Amino acid sequence: ARIPKGVLLMGPPGTGKTYNTIAYAISIIYGRSVRDVMGDDYGELLEKYNALKTLYGQIEFTTFHQSFGYEEFVEGIKPVFIQVMNEKGERSRKEEMVYKVNQGVFKRFCDEAAKNPGEKYVFIIDEINRGNVSKIFGEMITIIEPTKRLGQAEEATVKLAYSQEAFGVPDNVYIIGTMNTADRSIAMLDSALRRRFDFVEMMPNPELLRGVTVEGIDICELMYKINKRVEILLDRDHTIGHAYFMPLRSRPSLAVLAHIFKNAIVPLLQDYFYDDYEKIRLVLGDANKEPNEQFVIKTDVDYAQIFGANAELYLENDDIYTINNAAFGNVNAYLKI
């Protein structure tokens, strides 16, 4: 099968995108199918991955963020202080500031790959959509295209902004990116980048939790139900990934489930629905539970009692919502979802 020069793993949080970059990198370097690699023991995969990264330098990993720029990725200039000689040729105490061209992480990696054309090199960019892609890549956008790589028919090089040297991307460099669809939609991604990557959608897979039960709670069914509701109320890009529930495979206890819900699931839903607690209650099935089983409790506000007799004429009748910590340890709170 053709191995694409650029692959973008995209999906909601907790679907194993970063986890899968390891399998994809091993598959590219060893020339095996991704499906085949996924069948290997994860511990062994990690060992191979770390050796390729630290010993052989064939894998590089970086994360894009808002302040990551072209200077860190391709090249930039940084000030360096050097000691100046006096008239007698002796080192003086005087220091002078000069600017030195500094190689970025991608440029350095490509230079290394160019020295070993027989080997495959994999550059991993985590959270690619959190950076300003056109600003970070600059002129690289053109030359990462497979047909414009060094040695290809349409081989292209560009003159770099600071060093003024001609630079091309070697044909043995593969780029893997991950993209969290809950952060930003694919439509917002630079169209030039979209054309240069094969997209692999990674959605939540509740089947990985098939057979996992916690005091009668079917975790696989629980995930299906929650995600179906999120999909209807929001969209599929904001569903909840299986990775959050994976600790239950080895420790299927109510304490672990409570920890997951309290520290991951409820905060994630608060983020997704911008604290619209009525929708959060719908996702968690709270309307169909006894008050002590509800994760989010709704209490009516008695405006007259708090603000005085005619206050409700001026105030909208909003409800107050509180997170019910006791529900996290209540089996029925989960069963009734």
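Refer to the structure printed above.
Only a predicted model underlies this, so the values are computations on that prediction, with no experimental measurement involved.

Draft legend 1. Quick peek at the overall build of the protein. On a plain count of helices and strands, the protein comes out with 14 helices and 13 strands. On C-alpha atoms alone, the protein measures out to a radius of gyration of 27 Å, which is more than a quarter above the 20 Å that the 2.2 N^0.38 rule sets for 337 residues. Its C-alpha atoms put the protein at 90 × 55 × 40 Å along the principal axes. Looking at the 337 residues of the protein, the share that counts as buried comes to 43%. Contacts in the protein between residues at least 24 apart in sequence constitute 64% of all its contacts with a sequence separation of at least 6. When the accessible surface of the protein is totalled, it reaches about 17800 Å², and 49% of it is carbon and sulfur.

Draft legend 2. Highlighting the packing of aromatic side chains. Counted under the stated rule, the structure contains 17 aromatic pairs. Ring centres 5.6 Å apart and planes at 85° place the aromatic pair phenylalanine 64 and phenylalanine 73 in the edge-to-face group. The interplanar angle of 70° and the centroid separation of 5.6 Å between the aromatic rings of phenylalanine 109 and tyrosine 121 together place this pair among those described as edge-to-face. In this pair, phenylalanine 109 sits in helix H5 (residues 105-115) while tyrosine 121 sits in strand E5 (residues 121-126), placing the two residues 12 residues apart along the sequence. Residue phenylalanine 109 shares its accessibility class with tyrosine 121, and that shared class is buried. An aromatic cluster is present here, built from Phe64, Phe68, Phe73, Phe106, Phe109, Tyr121, Phe123 and Phe137 joined pairwise through their rings. In this arrangement the basic side chain of lysine 48 is found over the ring face of tyrosine 30, its NZ or CZ atom lying 5.4 Å from the centre.

Draft legend 3. Here's a closer look at a nonpolar patch on the surface. Where nonpolar side chains cluster on the molecular surface, the patch consists of Ile77, Phe81, Met97, Tyr99, Val101 and Tyr162 and spans about 600 Å² of accessible area. Where the nonpolar patch is concerned, the elements lending two or more residues are strand E3 (75-85) and strand E4 (91-103). Locating valine 101 in the fold gives a position in strand E4. With relative accessibility at 37%, the residue valine 101 sits in the partly exposed group.

Draft legend 4. Local environment of the environment of asparagine 180. Among the structural elements, asparagine 180 can be located in strand E8 (residues 173-180). Its relative accessible area of 12% is what places asparagine 180 among the buried residues. Apart from the residues within four sequence positions on either side, asparagine 180 is in contact with Gly11, Pro12, Pro13, Lys17, Glu127 and Asn129. There is a polar contact of 2.9 Å between the side chain of asparagine 180 and the backbone nitrogen of alanine 182.

Draft legend 5. Molecular detail of the pattern of salt bridges. Summed over the entire model, instances satisfying the criterion amount to 16 salt bridges. The shortest N-O distance in the salt bridge between glutamate 165 and lysine 107 comes to 3.5 Å. Of this pair, glutamate 165 sits in the loop between strand E6 (158-159) and strand E7 (166-167) while lysine 107 sits in helix H5, and the two are 58 residues apart along the sequence. The class for lysine 107 is buried, based on a relative accessible area of 1%. Each member of the salt-bridge network shares a partner with another, and the members are Arg32, Asp36 and Asp40.

Draft legend 6. How the structure looks around the environment of leucine 269. Position of leucine 269 relative to the elements: it lies in helix H11 (residues 254-272). Among all residues touching leucine 269, those that are not within four sequence positions of it are Val230, Ile240, Ile280, Val283 and Leu284.

Draft legend 7. The arrangement of the sheet that holds strand E9 (residues 198-201) in detail. Spatial ordering of the open sheet is given by E2-E5-E8-E1-E9, a layout of five strands whose pairing is parallel. Two strands lie at the open edges of the sheet, namely strand E2 (59-63) and E9, each paired on one side alone. Neighbour-to-neighbour, the strand axes of the sheet open up by a mean angle of 20°, direction not taken into account. Most of the contacts of helix H3 (residues 42-55) go to E2, to which it runs at about 90°, and overall it touches E2 and E5.

Draft legend 8. Layout of the nonpolar core. Counting residues in each nonpolar core, the largest one holds 37 residues, and the members touching the most others are Ile219, Phe245, Leu257 and Phe261. The element contributing the most residues to this core is H11, with 11 residues. Aside from chain neighbours lying at most four places away, what touches isoleucine 219 is Leu209, Val212, Val214, Phe245, Leu248 and Leu257. In this structure, Val74, Cys110, Tyr121 and Val173 belong to the second largest nonpolar core, which totals 34 residues.

Draft legend 9. The arrangement of the side chain of glutamate 293 in detail. As for its placement among the helices and strands, glutamate 293 is situated in the loop between helix H12 (277-283) and strand E12 (296-299). Under the relative-accessibility criterion, glutamate 293 is labelled buried at 5%. Look past the residues within four positions of glutamate 293 in its chain and what remains in contact with it is Asp286, Ala327, Asn330, Asn332, Ala333 and Lys336.

Draft legend 10. H11, seen in detail. Here H11 spans 25 Å end to end across 19 residues, near enough to the 27 Å set by a 1.5 Å rise per residue. Within H11, the axis deviates most sharply at phenylalanine 261, by approximately 40°. Taken together, the buried positions of H11 are occupied by Leu254, Val256, Leu257, Ala258, Ile260, Phe261, Ala264, Ile265, Val266, Leu268, Leu269 and Tyr272. Once H11 finishes, tyrosine 274 follows within two positions and takes phi at roughly 45°, a positive value.

Draft legend 11. Molecular detail of the environment of isoleucine 323. Tracing the sequence through the fold places isoleucine 323 in strand E13 (residues 320-323). Between the alpha carbons of isoleucine 323 and isoleucine 297 there is a distance of 6.3 Å; along the sequence they are 26 residues apart. Dropping the residues within four chain positions of it, isoleucine 323 is found in contact with Val266, Gln270, Tyr277, Phe295, Val296 and Phe328.

Definitions and limits used
Residues numbered from 1 in each chain as written. Predicted model: local features only at pLDDT ≥ 70, side-chain atom pairs only at ≥ 80, totals over all residues. Heavy atoms only, no water. Helix = DSSP H or I, 4+ residues; strand = E, 2+ residues; numbered from the N terminus. Rg over C-alpha atoms; globule rule 2.2 N^0.38 Å. Buried < 20%, exposed > 50% of the residue type's maximum accessible area, 1.4 Å probe, protein only. Contact = heavy atoms within 4.5 Å. Areas by Shrake-Rupley, 256 points an atom, 1.4 Å probe, with all protein chains shown as cover. Phe/Tyr/Trp six-rings, centres within 6.5 Å; stacked < 30°, edge-to-face > 60°. Lys NZ or Arg CZ within 6 Å of the ring centre and 35° of its normal. Patch = residues over 30% accessible without salt bridge, like charges linked within 9 Å, V, L, I, M, F, W, Y side chains within 5 Å. Salt bridge = Lys/Arg side-chain N within 4 Å of Asp/Glu carboxyl O. Polar contact = N/O pair within 3.5 Å; in protein donor to acceptor, adjacent residues only side chain to side chain. Pairing = 2+ DSSP bridges. Axes fitted to C-alpha atoms, helices over the stretch in contact; angles between N-to-C directions. Core = buried A, V, L, I, M, F, W, Y, C linked by side-chain atoms within 4.5 Å. Expected span 1.5 Å × (residues − 1). Bend = angle between axes of the 7 residues up to and from the residue.

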